[in-house]
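Structural characterization, general
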Amino acid sequence: MLEVRGLTTKYGAISALRDVSLSVGAGEVVGLIGPNGAGKTTLLGSITGLLEKSAGTVTFDGNDITNTAPEKILRSGLALVPEHRRIFADMTIEENLRIGGAVRTAAERAETMEEMYELFPVLGDRRSNAAGFLSGGEAQQLAIARALMSRPRLIMMDEPSLGLAPILVDLVFDLIDQLRDQGRTILVVEQNATRMLSAADRAYVLRSGDVVADGTGRELLERSDLFDTFIGG
Ligand SMILES: Nc1ncnc2c1ncn2[C@@H]1O[C@H](COP(=O)(O)OP(=O)(O)O)[C@@H](O)[C@H]1O
Ligand SMILES: [Mg+2]
């Protein structure tokens with residue numbers, strides 16, 4: 001479904017990604033792990049069209065989207081749950097969701113919003129409240145629901161468990177399982193390597209802009225060398 005080939009992205013003269021290749025198949029949960037500064041967020045930004053690439057190609061559902069505008073990429077079915085959630089604090093929960101569904105018709109939006117309130121009851125109960133009053137775990141649910149409002153075929157999440165209390169980290173990983181059971185395709189960036197490798201079908205390890213390992217979650221969990229040297233946790 002998603003095919004990244006030889007991607008290089010630079011900030012000025014410095015390459016944050018070097019010749020990165022990865023793929024995500026329909027229905028897969030793929031993890032992207034690696035330490036702080038490895039280039040994980042840069043990779044997602046490069047895929048969604050927010051960052052300019054120096055080399056390489058991105059293909060989504062067989063279409064070359066390397067130089068496609070972000071809004072068109074979103075419309076084509078690829079959504080991002082951004083790092084730090086980036087919810088609109090002054091707007092209500094419902095308004096946040098409506099923005100997420102802006103690329104769909106009003107009828108589709110209304111239907112998907114009801115699905116979201118079923119999937120995330122806490123959001124339904126508080127739909128008219130300002131999103132800024134949500135707790136960290138609730139805000140993460142809103143960020144995920146907002147991305148799902150665009151009816152993506154592939155959803156990418158950037159550090160969904162970051163900064164959450166342990167019980168809410170469990171909730172995020174339960175949610176990833178639930179989305180997988182619905183048949184959704186997910187690419188998740190995580191620093192919580194152990195949890196991510198347990199949840200993922202396959203994963204890639206990124207370090208200083210290079211993919212240094214990939215395999216099934218189980219295979220990578222057994223690579224103690226990776227853990228000792230740079231993954232941590
Ligand atoms: N806007 C930017 N300008 C310059 N350098 C950046 C910018 N964003 C990220 N970087 C650098 O690129 C590298 C990768 O960053 P990032 O993709 O955010 O890593 P990660 O998400 O894995 O923590 C880091 O060395 C970081 O300092
Ligand atoms: Mg990041």
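Residues numbered from 1 in each chain as written. Chains lettered and ligands numbered in written order. Predicted model: local features only at pLDDT ≥ 70, side-chain atom pairs only at ≥ 80, totals over all residues.

**Focus on the sheet that holds strand β7 (residues 154-158)**
Spatially, β6-β7-β8-β3-β9-β10 is the arrangement adopted by the six strands of the open sheet, whose pairing is mixed. One side of each edge strand has no neighbouring strand; the edge strands of this open sheet are β6 (78-81) and β10 (210-216). Averaged over all pairs of adjacent strands, the angle between their axes in this sheet comes to 15°, without regard to strand direction. Relative to strand β8 (residues 185-190), strand β3 (residues 29-33) is paired through five bridges, and the arrangement is parallel. Bridging from a neighbouring strand, Leu32 pairs with Val189 of β8. (Pairing = 2+ DSSP bridges. Helix = DSSP H or I, 4+ residues; strand = E, 2+ residues; numbered from the N terminus. Axes fitted to C-alpha atoms, helices over the stretch in contact; angles between N-to-C directions.)

**Digging into the sheet that holds strand β2 (residues 14-24)**
With antiparallel pairing, four strands are arranged side by side in an open sheet as β2-β1-β4-β5. Looking at strand neighbours, the two that pair on one side only are β2 and β5 (63-64), the edges of this open sheet. Judged from the two bridges that link them, strand β4 (residues 55-60) and β5 form a sheet pairing that is antiparallel. Along β5, the bridge assignment pairs Phe60 with Asn63. Helix α1 (residues 40-47) contacts β1 (2-11), β2 and β4 of the sheet and is inclined by roughly 65° relative to β2. (Contact = placed C-beta atoms within 7 Å.)

**A look at the site of ligand 1**
Around ligand 1, the surrounding shell consists of Tyr11, Ala16, Gly34, Asn36, Gly37, Ala38, Gly39, Lys40, Thr41 and Thr42. Among the elements that make up the shell around ligand 1, the one with the highest residue count is α1 (three residues). Looking at the shell around ligand 1 residue by residue, the class counts come to three nonpolar, six polar and one charged. (Near = placed C-beta within 6 Å. Nonpolar A, V, L, I, M, F, W, Y, C, P; charged D, E, K, R; others polar.)

**Regarding the domain arrangement of the protein chain**
Accessible area lost when the parts come together is the quantity often used to give the size of an interface. The domains assigned to the protein chain are domain 1 (1-77 + 155-233) and domain 2 (88-151). Computed over C-alpha atoms, the centres of domain 1 and domain 2 are 24 Å apart. Of all the secondary structure elements, the ones that give two or more residues to the side of domain 1 that touches domain 2 are α2 (70-75), β7 and α7 (166-181). Looking at the side of domain 1 that touches domain 2, the element that brings in the most residues is α7, giving four residues. Classifying every residue of the side of domain 1 that touches domain 2 gives nine nonpolar, one polar and two charged. (Domains from an automatic or database assignment.)

**Observations regarding the pairing of β4**
With five bridges connecting them, β1 and β4 associate as antiparallel partners. For Leu2, the partnering residue across the bridge sits in β4 and is Phe60. Linking two consecutive strands that pair antiparallel, namely β4 and β5, is a turn of two residues; a positive phi of about 55° is found at Asp61 within it.

**Points about helix α6 (residues 136-148)**
Compared with an ideal rise of 1.5 Å per residue, which puts 13 residues at 18 Å, α6 spans 18 Å between its outermost C-alpha atoms and is within 8% of the ideal. Among the 13 residues of α6, 10 are classified as buried, and the element is accordingly described as predominantly covered. Along α6, the residues classified as buried are Ala139, Gln140, Gln141, Leu142, Ala143, Ile144, Ala145, Arg146, Ala147 and Leu148. At its buried positions, α6 is contacted by β6, α3 (93-100), α4 (106-119), α5 (121-125), β7 and α7. (Expected span 1.5 Å × (residues − 1). Buried ≥ 20, exposed ≤ 12 C-beta atoms within 10 Å, placed from the backbone.)

**Topic: the environment of Ala102**
Locating Ala102 in the fold gives a position in the loop between α3 and α4. Once the C-alpha coordinates of Ala102 and Leu119 are considered, the two residues, 17 residues apart in sequence, prove to be 20 Å apart.

**Re the packing of α3 against α6**
Here α3 crosses α6 at 35°, and the two axes come no closer than 7 Å. Remark: the crossing between α3 and α6 carries right-handed chirality. Between α3 and α6, the contacting residues are Ile93, Asn96, Leu97, Ile99 and Gly100 on the first element and Leu142, Ala145, Arg146 and Ala147 on the second. Of the residues belonging to the contact of α3 with α6, the class tally is six nonpolar, two polar and one charged. (Left-handed = near helix turned anticlockwise from the far one by under 90°.)

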